[in-house]
Amino acid sequence: MIRRKVVLHFPREKVDKPIVSKLVRDYGLDFNILKASITPREEGLLVMEITGEEKDYQRGLEYLENCGVRVQPLSQDVARNEDRCTHCGACLAVCPTRALYMDSESMQVIFDREECVACELCVKVCPPRAMEIRY
Amino acid sequence: MGKTIQEINERIKSGKAVVVTAEEIIDLVREKGVEKVARRVDVITTGTFGPMCSSGALINLGHPKPRMKIHRAWLNDVPAYCGIAAVDLYLGATEMAEHDPLNEVFPGEFRYGGGHVIEDLVAGKKVRLRAESYGTDCYPLRKWEAEITIHDLPDARLFNPRNAYQNYNVAVNLSDRVLYTYMGVLRPNLGNANYCSAGQLSPLLNDPLFRTIGVGTRIFLGGGIGYVVDRGTQHNPDVPRTKSGHPKRPSGTLAVMGDLKGMSPRYLVGYSMLGYGATLAVGIGVPIPVLDEEVVEAAAVSDSDLYAPVVDYSVDYPQGTGRVLGEVSYAQLRSGEVEILGKRVPTASLSSYSRAREIACLLKEWIQSGRFLLTEPVELLPCPVRERGGGK
Ligand code: SF4
Ligand code: SF4
């Protein structure tokens, strides 16, 4: 029995299709959706925890990829280099979970690690490259 | 009743000057009224911190032995302009390192450019110099490679032909594809609205008719001292204005210059704009001498009285149609959401308000402690409204 967190990137035309429910029906996997949102490219983005047998998990992943869904394992962490962040706010436009938000009092951009799903969308959008992928 | 800059400087020297930031003056005027504030306050400090592409460093390398007339030069592989005297060069903020893939794989990352070299120099880091020449009788050296730091340079000046835009566009995207612009990532179908001004803290929005800021004004530049050396390129003060005289479109600009050696990497930061290019975020703070009540009135405007034009960056901006979708106030922009064409749109800024505030506070401290005196502009910047004697 394994339990893994993954990020699924759905192409925009597939967002509504019941691809994920097939994982339960045809592959015997259990899943728990942690976060769901739409990225700037209007892809669907699902963060979920999948539980099941290793071989079912591998087959399930294969099935997802055949459907055009990009599967990104959530093994890494996104952290902020506080020295480089200028609190400009450019990342606010892309963060799908509001892990990055503006504090209206200090006018500083707060990074809430708890809310971050490590989708990496902010990494290349941050002008001084303060958001870093840590392994 | 008016004050002169000499009188204000006397008060600064004797440690008696009253200095407030452009944020603080708003409430002060609400409480005490323009007249009282004009009498009490001597200087209003402003600040802005954001990407300013028209920036660069003017560098003199000092001659190697034998001497050299540099024809081509690179700093950390970023080409510098060498079409001036022998060992002088100009390193532009948006120049990219050689062999950068640019936008070949779209959107390009633009990891390292001129702005980053400037940040590294100011941080005291070693920078790799490569220079070539064809050799002359007076300047025989043909190749020069060295590691340099800012301390090795006889001269290193920041010289920015256009900074501190007085107001700027709010960028949106009406198309159905994502756009990567100098205004950041714009999501399709009015997905977000990006703006870039410190609004009520911004230098030129606090002196909308350039009554005090002119050629020779001493300023906070990149963490050190600089000067306004002229109007900036594209300085265009002849735009629609509010009743208080504040421009509702991008308007005036400043050309600024200062000694890079006294500056800090906290206020000069290399930026990479995804799919667009590299640039330099510059921190600027301009002191405004309280000469009379009019100065106070103009500086006391708040974000709710300042308006920016909303512009579509899918067609209107790139094609230069001049179409404006509407106007929104900086207070609305700062609230995190604005209404555009009937849709609620989340906003994000590219200009750091918190760092603009930090700069205005730092400049205030410098003036209060007597280490920063004001200068008399030798010439005011062009502004038809002021020249016609208007403004109201
Ligand atoms: S884009 Fe980068 S620098 Fe700007 S607020 Fe976000 S994390 Fe900080
Ligand atoms: S990786 Fe960045 S964009 Fe994605 S959730 Fe975390 S903070 Fe937000």
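It should be emphasised that the depicted structure is a prediction, and the values quoted were computed from it without experimental measurement. (Residues numbered from 1 in each chain as written. Chains lettered and ligands numbered in written order. Predicted model: local features only at pLDDT ≥ 70, side-chain atom pairs only at ≥ 80, totals over all residues. Heavy atoms only, no water.)

J.: Looking at this model, I keep getting lost on the overall build of chain B. Mind explaining?
T.: Summing up its helical and strand segments, chain B has nine helices and 26 strands in all. Computed over the C-alpha atoms, the radius of gyration of chain B is 22 Å, within 12% of the 21 Å expected from 2.2 N^0.38 for a compact globule of 392 residues. Each of the three principal axes of chain B carries a C-alpha extent, and together these read 70 × 60 × 35 Å. Across the 392 residues of chain B, 59% fall into the buried class. Expressed as a percentage of contacts within chain B between residues at least 6 apart in sequence, the contacts between residues at least 24 apart total 73%. Carbon and sulfur atoms provide 49% of the accessible area of chain B, an area that totals close to 15,700 Å². With 44 positive and 44 negative side-chain charges, chain B shows a separation of 2 Å between the mean positions of the two kinds. (Helix = DSSP H or I, 4+ residues; strand = E, 2+ residues; numbered from the N terminus. Rg over C-alpha atoms; globule rule 2.2 N^0.38 Å. Buried < 20%, exposed > 50% of the residue type's maximum accessible area, 1.4 Å probe, protein only. Contact = heavy atoms within 4.5 Å. Areas by Shrake-Rupley, 256 points an atom, 1.4 Å probe, with all protein chains shown as cover. Lys, Arg positive; Asp, Glu negative; His and termini not counted. Charge placed at Lys NZ, Arg CZ, Asp CG, Glu CD.)

J.: Sorry, what's going on with the site of ligand 2 here?
T.: C95(A), C116(A), C119(A), E120(A) and C122(A) are the nearest of the 13 residues found near ligand 2. For the shell around ligand 2, the class distribution of residues is 11 nonpolar, one polar and one charged. (Near = heavy atom within 4 Å. Nonpolar A, V, L, I, M, F, W, Y, C, P; charged D, E, K, R; others polar.)

J.: Got a minute to help me understand the site of ligand 1 in this structure?
T.: Lining the immediate surroundings of ligand 1 are 13 residues, of which C85(A), C88(A), G89(A), C91(A) and C126(A) lie closest. For the shell around ligand 1, the per-class residue count stands at nine nonpolar, three polar and one charged.

J.: Looking at this model, I keep getting lost on helix α2 (residues 54-66) of chain A. Mind explaining?
T.: Side chains of residues three or four places apart in an α-helix project in the same direction, reflecting 3.6 residues per turn. Residues and elements named next belong to chain A. Its 13 residues give α2 an end-to-end C-alpha distance of 18 Å, which sits within 8% of 18 Å, the value for a rise of 1.5 Å per residue. Listed as buried for α2 are D56, Y57, G60, L61, Y63 and L64. One face of α2 carries all of its buried residues, which in axial projection span an arc of 160°. In this structure, α2 carries K55, E62 and N66 as exposed residues pointing more than 90 degrees from its buried face. Packed against the buried residues of α2 are β1 (2-10), α1 (19-27), β3 (44-52) and β4 (70-73). Backbone geometry just downstream of α2 places G68 in the positive-phi region, at approximately 90°. (Expected span 1.5 Å × (residues − 1). Arc of directions from axis to C-beta.)

J.: What's the story with the domain arrangement of chain A in this structure? I'm lost.
T.: Accessible area lost on assembly of the parts is the figure often given for the size of an interface. Residue and element names in this part refer to chain A. Each assigned domain of chain A is listed with its residue range as follows: domain 1 (2-76) and domain 2 (78-133). Relative to domain 2, the C-alpha centre of domain 1 lies at a distance of 25 Å. Taken together, the contacts link 10 residues of domain 1 with 11 residues of domain 2. (Domains from an automatic or database assignment.)

J.: Just checking my understanding: could you explain the environment of L45(A) for this structure?
T.: Residues and elements named next belong to chain A. Within the secondary structure, L45 sits in strand β3. Measuring from C-alpha to C-alpha, the distance between L45 and K35 comes to 8.0 Å, with 10 residues separating the pair along the chain. Look past the residues within four positions of L45 in its chain and what remains in contact with it is V7, L8, H9, K35, A36, S37, T39, C119 and L121.

J.: Just to check I follow, could you spell out the sheet that holds strand β2 (residues 43-45) of chain B for this structure?
T.: Strands in a sheet are paired, the pairing made by backbone hydrogen bonds, and the direction either parallel or antiparallel. Residue and element names in this part refer to chain B. One open sheet holds the three strands; their spatial order is β1-β2-β21, and the pairing between them is mixed. Across the chains shown, the open sheet's two edge strands, defined by having one partner strand only, are β1 (19-21) and β21 (287-289). Adjacent strand axes in the sheet meet at a mean angle of 25°, parallel and antiparallel pairs treated alike. The pairing of β2 with β21 spans three bridges and is classified as antiparallel. Paired with T45 across the bridge in β21 is P287. The sheet strands contacting helix α8 (residues 353-368) are β1, β2 and β21, and the helix crosses β1 at an angle near 175°. (Pairing = 2+ DSSP bridges. Axes fitted to C-alpha atoms, helices over the stretch in contact; angles between N-to-C directions.)

J.: Before we go on, may I ask you to explain the sheet that holds strand β5 (residues 72-75) of chain B in this structure?
T.: Residues and elements named next belong to chain B. The strand order β6-β5-β8-β9 describes an open sheet built from four strands, whose pairing is antiparallel. Looking at which strands have only one partner, the edges of the open sheet turn out to be β6 (78-80) and β9 (143-148). This sheet shows a mean twist of 20° between the axes of neighbouring strands, independent of strand direction. Contacts from helix α4 (residues 114-122) reach β5, β6 and β8 (127-132) within the one sheet, and its direction differs from that of β8 by about 120°.

J.: Looking at this model, I keep getting lost on the nonpolar core. Mind explaining?
T.: A general feature of soluble globular proteins is that nonpolar side chains tend to end up buried together. Residue and element names in this part refer to chain B. One finds L61, I70, L75, I118, L260, L268 and I284 to be the most contacted residues of the largest nonpolar core, which totals 51 residues. When residues of this core are assigned to domains, at least three fall in each of domain 1 (15-53 + 160-387) and domain 2 (56-158). Contact partners of I284, with chain neighbours within four places excluded, come to T46, G47, T48, M52, N163, A164, P203, I219, F220, L221, V256 and I359. Membership of the second largest hydrophobic core comes to 31 residues, among which are A17, L179, Y267 and L363. (Core = buried A, V, L, I, M, F, W, Y, C linked by side-chain atoms within 4.5 Å.)

J.: In this structure, what is going on with the interface of chain A and chain B? I would like to understand it.
T.: Facing the 26 residues of chain A at the interface are 30 residues of chain B. Here chain A and chain B share an interface that buries about 2,200 Å² over both sides, 51% of which is from carbon and sulfur atoms. The tally of links between chain A and chain B comes to three salt bridges. With a closest N to O distance of 3.7 Å, E109(B) and R129(A) form a salt bridge. For the side of chain A that touches chain B, the per-class residue count stands at 13 nonpolar, six polar and seven charged. (Buried area = accessible area lost by both parts, 1.4 Å probe. Salt bridge = Lys/Arg side-chain N within 4 Å of Asp/Glu carboxyl O.)

J.: Looking at this structure, I do not really get the domain arrangement of chain B. What am I missing?
T.: Residue and element names in this part refer to chain B. Partitioning chain B into domains gives domain 1 (15-53 + 160-387) and domain 2 (56-158). Relative placement of domain 1 and domain 2: their C-alpha centres are 31 Å apart. Each partner contributes residues to the interface: domain 1 has 27 residues there, and domain 2 has 28 residues. Taking both partners together, domain 1 and domain 2 bury about 2,200 Å²; carbon and sulfur atoms supply 66% of that area. It is L260, K261 and A278 that lose the most area in domain 1 upon contact with domain 2, and together they represent 28% of the buried surface on that side.

J.: So what exactly am I meant to see when it comes to the pattern of salt bridges here?
T.: Pairing between side chains of opposite charge can happen when the charged atoms of each approach one another. Inspection of every chain in the model, using the stated rule, returns 37 salt bridges over all chains. K22(A) is the salt-bridge partner of D26(A), the closest N and O atoms lying 3.7 Å from each other. With D26(A) and K22(A) both in helix α1 and four residues apart, this pair spans about one turn of that helix. For D26(A), a relative accessible area of 37% translates into the label partly exposed. With relative accessibility at 28%, the residue K22(A) sits in the partly exposed group. Here R84(A) and E119(B) are joined by a salt bridge, their closest N and O atoms 2.8 Å apart. You can see R84(A) sitting in the loop between β5 (77-80) and β6 (100-103) and its partner E119(B) sitting in helix α4, one on each of two chains. The class for R84(A) is partly exposed, based on a relative accessible area of 23%. Salt bridges here are not isolated pairs; linked through shared partners, they connect K124(A), R129(A), E109(B) and R111(B).

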